[in-house]
Amino acid sequence: MLTAVQRLKIDLMTEGISVSEAARRKIIGRKGNRPLTLADYASTSGIALELEGDIWVNAPIHDFNPNFVETPPHVLHLDDNGFFVRSGRLEVPANFVPVPDYHDQKNPWGEPYTSFAITHTDRVRISPIEGCGLVCKFCDLPYQFRYRKKSIEGLVDSVRKALQDKRLPAQHVLISGGTPKPEDYEYEHQVYEAITAAFPGLDIDIMMVPSPGLLDLQHLKDIGIHGLSINLELFNQRHADKVMPLKARLTRDQYLNFIERAVEIFGPDRVRSLLLVGLESIDDTLKGVEALAERACQPVLSPFRPDPATPLRHLQPPSGDFLGEVYERSLNIAERHAVKLGPRCIPCHHNTLTYPDRSGWYRKSHSAQTAAAT
Ligand code: SF4
């Protein structure tokens, strides 16, 4: 049974939030130059909040999701005690998570840092490939950006910058998509090697499509990659064929076989897989949860958020009741297989259906590198 604050997180994700004038003024600062959010990706388009009880949420706002956030019944307020969310009669203390200081700065080559790195809560994500060789209909990247490779020097420099950020120092790293074209696999390998070599001891994860020849599991483990996110996205092959035809050329079985091998090599706490909730039936999603959990892979439930730049912009997000049911039934499945719903990092729960529990398994990342780099 969800607590009131856990349910509020779900409602914020699916209905959005508005920001009172006082709260907005405080966030944008005296000069008015601090954005509410970097709104860089479909599932991180909103404002990040830490609610009472270590519950983290990314709540969409009208500014960036006018396609479904109109007059949400939840408001971020500010009073003498700080920020709080009011929802009906419920009032919940909240911390607003700012954007990093580097958000408007340029690197030594004159390029914006945000074209290399984006920090959300405590994790910096770098995308070696801009755009994407695959075109999933729920993802804004291939619709907003043309395919290009970024300089490896610039990527390493951007991670260092994110670790040193005074306002929002990153504690760990995710190297994610776009997916490279086969002729750029070698470049992608060089990025993995350069980042792990530059920041030994730092938790560095990879989120990538397991196309043949792209991810050499043993080599990645050997160079110090901490963990992997191999995202199924959709479990039903027919839906996958429609919504992500190129990515779905790899069948569910191929994904699951790869995940099984990844767990063998990296260990059970180091491999997770994201399922997009709301684009297929609850039963299909739960079959995906079962298939992952029985392979000791952490299922990550990611509520579908229609992005205005994509062909799915006219769809509505799944309802709070839908998400609540998927969460509770997934939790039962995970418990049966003695795995946790991912991700493990608590601040990274902000755009997933995950809550810390009393087991002590969920934790915050603390980077020794953050101190070393400053
Ligand atoms: S493969 Fe990943 S980055 Fe590429 S379009 Fe699909 S979801 Fe987006």
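For the structure itself, look to the data block above.
Residues numbered from 1 in each chain as written. Predicted model: local features only at pLDDT ≥ 70, side-chain atom pairs only at ≥ 80, totals over all residues. Heavy atoms only, no water.

(A) Just the overall build of the protein chain, in detail. A tally of helices and strands in the protein chain yields 11 helices and 15 strands. The C-alpha radius of gyration of the protein chain comes to 20 Å, within 12% of the 21 Å expected for a compact globule of 374 residues. When its C-alpha atoms are laid out on the principal axes, the protein chain stretches across 55 × 50 × 40 Å. When each of the 374 residues of the protein chain is scored for burial, the buried share is 57%. Sequence-distant contacts, at least 24 apart, represent 70% of the contacts inside the protein chain between residues at least 6 apart. Entry remark: accessible area of the protein chain is about 15800 Å², with carbon and sulfur atoms responsible for 49%. A gap of 3 Å separates the mean positions of the 43 positive and 47 negative side-chain charges of the protein chain. (Helix = DSSP H or I, 4+ residues; strand = E, 2+ residues; numbered from the N terminus. Rg over C-alpha atoms; globule rule 2.2 N^0.38 Å. Buried < 20%, exposed > 50% of the residue type's maximum accessible area, 1.4 Å probe, protein only. Contact = heavy atoms within 4.5 Å. Areas by Shrake-Rupley, 256 points an atom, 1.4 Å probe, with all protein chains shown as cover. Lys, Arg positive; Asp, Glu negative; His and termini not counted. Charge placed at Lys NZ, Arg CZ, Asp CG, Glu CD.)

(B) Main features of the site of the ligand. In the region of the ligand, the neighbouring residues are Cys132, Leu134, Cys136, Phe138, Cys139, Leu141, Pro142, Gly178, Thr179 and Lys247. Here the shell around the ligand is composed, by residue class, of seven nonpolar, two polar and one charged. (Near = heavy atom within 4 Å. Nonpolar A, V, L, I, M, F, W, Y, C, P; charged D, E, K, R; others polar.)

(C) Local environment of the side chain of Ser273. Mapped onto the fold, Ser273 is located in strand 14 (residues 271-277). Of note is the side chain of Ser273, whose polar atom sits 3.0 Å from the backbone nitrogen of Leu232. With residues near it in sequence (within four places) discarded, Ser273 still touches Ile230, Asn231, Leu232, Ile259, Leu292, Cys297, Gln298, Pro299 and Val300. (Polar contact = N/O pair within 3.5 Å; in protein donor to acceptor, adjacent residues only side chain to side chain.)

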